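Now for the letters of each chain:
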Amino acid sequence: MAVYKQTYKDYSGTRTTPWFRFFILSRYSYARLFQSKFLVLFLAMCMFYPLGCAVFIYLSHNSPLLAALSLRSGAMPPIDGRFFNVYCVVQGVLAFLLTTLVGPSLVAPDLANGAMSLYLSRPFSRTQYVAGKMTILLLLLSLITWIPGIVLYLIQAGCAGSDWMRVNAWLAGSIVLGLWIWIVVLSLIALALSAWVKWKIAAGALILGVFFAGAGFGAAINNVTRTHYGDFIDLMQVVRTIWSDLFRNSSRADLSVTEAWAVLGVTCAICLWLLAKRIRAFEVVK
Amino acid sequence: MRTVVELDNLSVCLGKREILTDLSVELSGRTIGLLGPNGAGKSTLILTLLGFYPVKRGTARVLGHDIRSHIKKVSVLVGYMPENDSFIADMTAVSFVRMMGELSGLPAESALERAHEVLFYVGLGEARYRKLGTYSVGMKQMVKLAQAIVHGPRLLILDEPTNGLDPSARRRMLRLIREIRDSGQMHVLLCSHLLRDVEETCEEVLILKQGRIVHYANLARERSVNQRFVEIETSGDHAGLAEALTEIGCTCTTHGSGRLKMVLPEDFDLREIYRVAAKRDLPLRRLNYRRDTLEDIFLSAMEA
């Protein structure tokens, strides 16, 4: 039959399991995101620092090459908690920039275009929607943070031997945990703000504002009140405090580790509340 | 016949306002029209059936499943075409419909195949690789219909499907709805304030006013029992004509000079009127024949 003479036909084939249906959203979003050459370029740039670290680790264990470069092996900084803490700070900043690039386009267009009713009229829940959108950021950010971090750890373990690996096993845990905390916080903030303002550009500006304005206001509050309460709204400072604790370094901030964890908990709770309020098929005007 | 929608004292509140009050009805037609003036609660009822709004009192069942306890089962069986613009601007029609199919549980390959099929079916075959943001209003309506039927639902809910369509696009949309109805694979719940659309496509009509059911009608049955009217305009002895027509069973009233309005008895042959007029040598200048239309039913329901 010619296609233009087609009549309506029922579907009687198989159905997929609902458990992994959230990943459909991520798959389609990746297809759209990777059409942007800028994003691909930025992702490639995010690999420069881990690549440099890998070269550094290799160099510090290669005495003949160091000698050829007229460097003493003792002069090289040790590969320890401080090394990986710095790695987290650098890649954490890049993760933040990637979030401002990708995050605003996740929920805002769906709300602005009224697509939410189409998603939620299907066997697809609000939780699955948030999980699907969050997976996009979780995977992208993992690609530039803890995955290369663990690769660096393994390179160091391979060069330094099994004894180093056994003694410093906690470092692997700290890398994964520390960066996962950051990834989850960034993803939740990006989704919540994207859902809140419904406008991509404004959402991007808000994500930048939350971190930069937060740091600025935080410093101002500290100076005016001569307390450390301003650190509570400086999320970069909060997460750096947690990283310092995880990597067993001393933190320059006045914020205690408990306070830092509490701030992150409250931030995540606020984001989840915002998402619960905004991710609806229709808004109820009371 | 299987009950499509069953409401039992259904009440819905949004905020502190009760939008739907004690709705009780059983709808089992192949196509069901939902009518009412603006603010009557038509869209609220649809969105409640889809599980978007919480039920305050009573129960509602869609295809036998309670919407409170089995909304997941309901959403598998239902296809929904919303009233307002709902799409993702930077996606092509085929990826959009495919994604919606996959979200409804179709495997990726089947969803792609179905997306092509339904886009051809709704007449967007040639434009299926264009981005949705570039579509006209009529095309967007058709894409909304395509995404609603891609997964082969048992009940298709259409909220104002002819909104913003030009006459030819409207005709095409109504033809598609009739075709879907006649395919016998799907029930259709059509919400509209355009009586003509409902009259052309629906078997059953539920009329809402201020959140309450004011009339339920099986249109086919109503049409068969409704009175038939004839309006006649003649020049000459119209009183005599009225008498003669009354003798053969019509109920006549005269309106001014030469104008008669009469209710015809059942199985009345219209040619009788011409015969009577010819016998009296009266010229009939005008004869209007009409039944009770949906508009009459709607207006009398609104006045009730």
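In this report, the structure presented in the accompanying data block is examined.

Describing the overall build of chain A
Line of reasoning, step 1. In terms of regular secondary structure, chain A is built from 14 helices and zero strands.
Line of reasoning, step 2. When the helices and strands of chain A are placed in sequence order, the string is α-α-α-α-α-α-α-α-α-α-α-α-α-α.
Line of reasoning, step 3. C-alpha extents for chain A along the principal axes are approximately 80 × 60 × 30 Å.
Line of reasoning, step 4. Within the span of chain A, comprising 286 residues, buried residues form 48% of the whole.
Line of reasoning, step 5. Summarising the internal contacts of chain A: among those between residues at least 6 apart in sequence, 74% fall at separations of at least 24.
Line of reasoning, step 6. Total accessible area computed for chain A in this model is approximately 14100 Å², and 68% of it derives from carbon and sulfur atoms.
Line of reasoning, step 7. Here chain A contributes 23 positive and 10 negative side-chain charges, whose respective centroids are spaced 14 Å apart.

What about the pattern of salt bridges?
All names here are of chain B.
Line of reasoning, step 1. Enumeration over the complete set of coordinates arrives at 20 salt bridges over all chains.
Line of reasoning, step 2. For the salt bridge of Arg170 with Glu200, the shortest nitrogen-to-oxygen distance reads 3.7 Å. Of this pair, Arg170 sits in helix H6 (residues 167-183) while Glu200 sits in helix H7 (residues 195-201); the two residues are 30 residues apart in sequence, bridging distant segments of the chain.
Line of reasoning, step 3. Overlapping salt bridges, with partners in common, bring together Arg170, Arg178, Arg196, Asp197 and Glu200 in one network.

Quick notes on the sheet that holds strand E2 (residues 17-27) of chain B
Residue and element names in this part refer to chain B.
Line of reasoning, step 1. Pairing within the open sheet is antiparallel, and its four strands lie in the order E2-E1-E4-E5. Strands with a single pairing partner mark the edges of an open sheet, and in this sheet they are E2 and strand E5 (65-66).
Line of reasoning, step 2. Sitting on the sheet, helix H1 (residues 42-49) touches strand E1 (5-14), E2 and strand E4 (57-62), and the angle it makes with E1 is about 110°.

Describing the nonpolar core
Line of reasoning, step 1. Of all hydrophobic cores here, the largest spans 170 residues; its most connected members are A:Tyr119, B:Leu45, B:Phe96, B:Met99 and B:Leu145.
Line of reasoning, step 2. Counting residues per element, this core draws most heavily on helix H11 (residues 169-197) of chain A, at 16 residues.
Line of reasoning, step 3. In this structure B:Leu145 touches B:Met81, B:Val122, B:Leu156, B:Leu158, B:Met173, B:Leu176 and B:Ile180, once residues within four positions along its chain are discounted.
Line of reasoning, step 4. Judged by nonpolar contacts, the second largest core, of 15 residues, contains B:Leu241, B:Ala242, B:Phe268 and B:Val276.

What to know about the sheet that holds strand E7 (residues 155-159) of chain B
Residue and element names in this part refer to chain B.
Line of reasoning, step 1. In spatial order, the strands read E6-E7-E8-E3-E9-E10; together these six strands make up an open sheet with mixed pairing. Since the sheet does not close on itself, it has two edges, and those belong to strand E6 (78-81) and strand E10 (212-218), each with one partner. Within this sheet the neighbouring strands show an average axis-to-axis angle of 15°, counted without direction.
Line of reasoning, step 2. Direction of pairing for strand E9 (residues 204-209) relative to E10: antiparallel, over a ladder of six bridges. Considered in E10, the bridge of Val205 is made with Ala217.
Line of reasoning, step 3. Of the strands in this sheet, E6 and E7 touch helix H5 (residues 137-149), which is tilted by about 170° from E6.
Line of reasoning, step 4. Each of strand E3 (31-35), E9 and E10 is contacted by helix H11 (residues 294-303), which is oriented at about 30° to E9, the strand it contacts most.

About the cut-offs
- Residues numbered from 1 in each chain as written.
- Chains lettered and ligands numbered in written order.
- Predicted model: local features only at pLDDT ≥ 70, side-chain atom pairs only at ≥ 80, totals over all residues.
- Heavy atoms only, no water.
- Helix = DSSP H or I, 4+ residues; strand = E, 2+ residues; numbered from the N terminus.
- Buried < 20%, exposed > 50% of the residue type's maximum accessible area, 1.4 Å probe, protein only.
- Contact = heavy atoms within 4.5 Å.
- Areas by Shrake-Rupley, 256 points an atom, 1.4 Å probe, with all protein chains shown as cover.
- Lys, Arg positive; Asp, Glu negative; His and termini not counted.
- Charge placed at Lys NZ, Arg CZ, Asp CG, Glu CD.
- Salt bridge = Lys/Arg side-chain N within 4 Å of Asp/Glu carboxyl O.
- Pairing = 2+ DSSP bridges.
- Axes fitted to C-alpha atoms, helices over the stretch in contact; angles between N-to-C directions.
- Core = buried A, V, L, I, M, F, W, Y, C linked by side-chain atoms within 4.5 Å.

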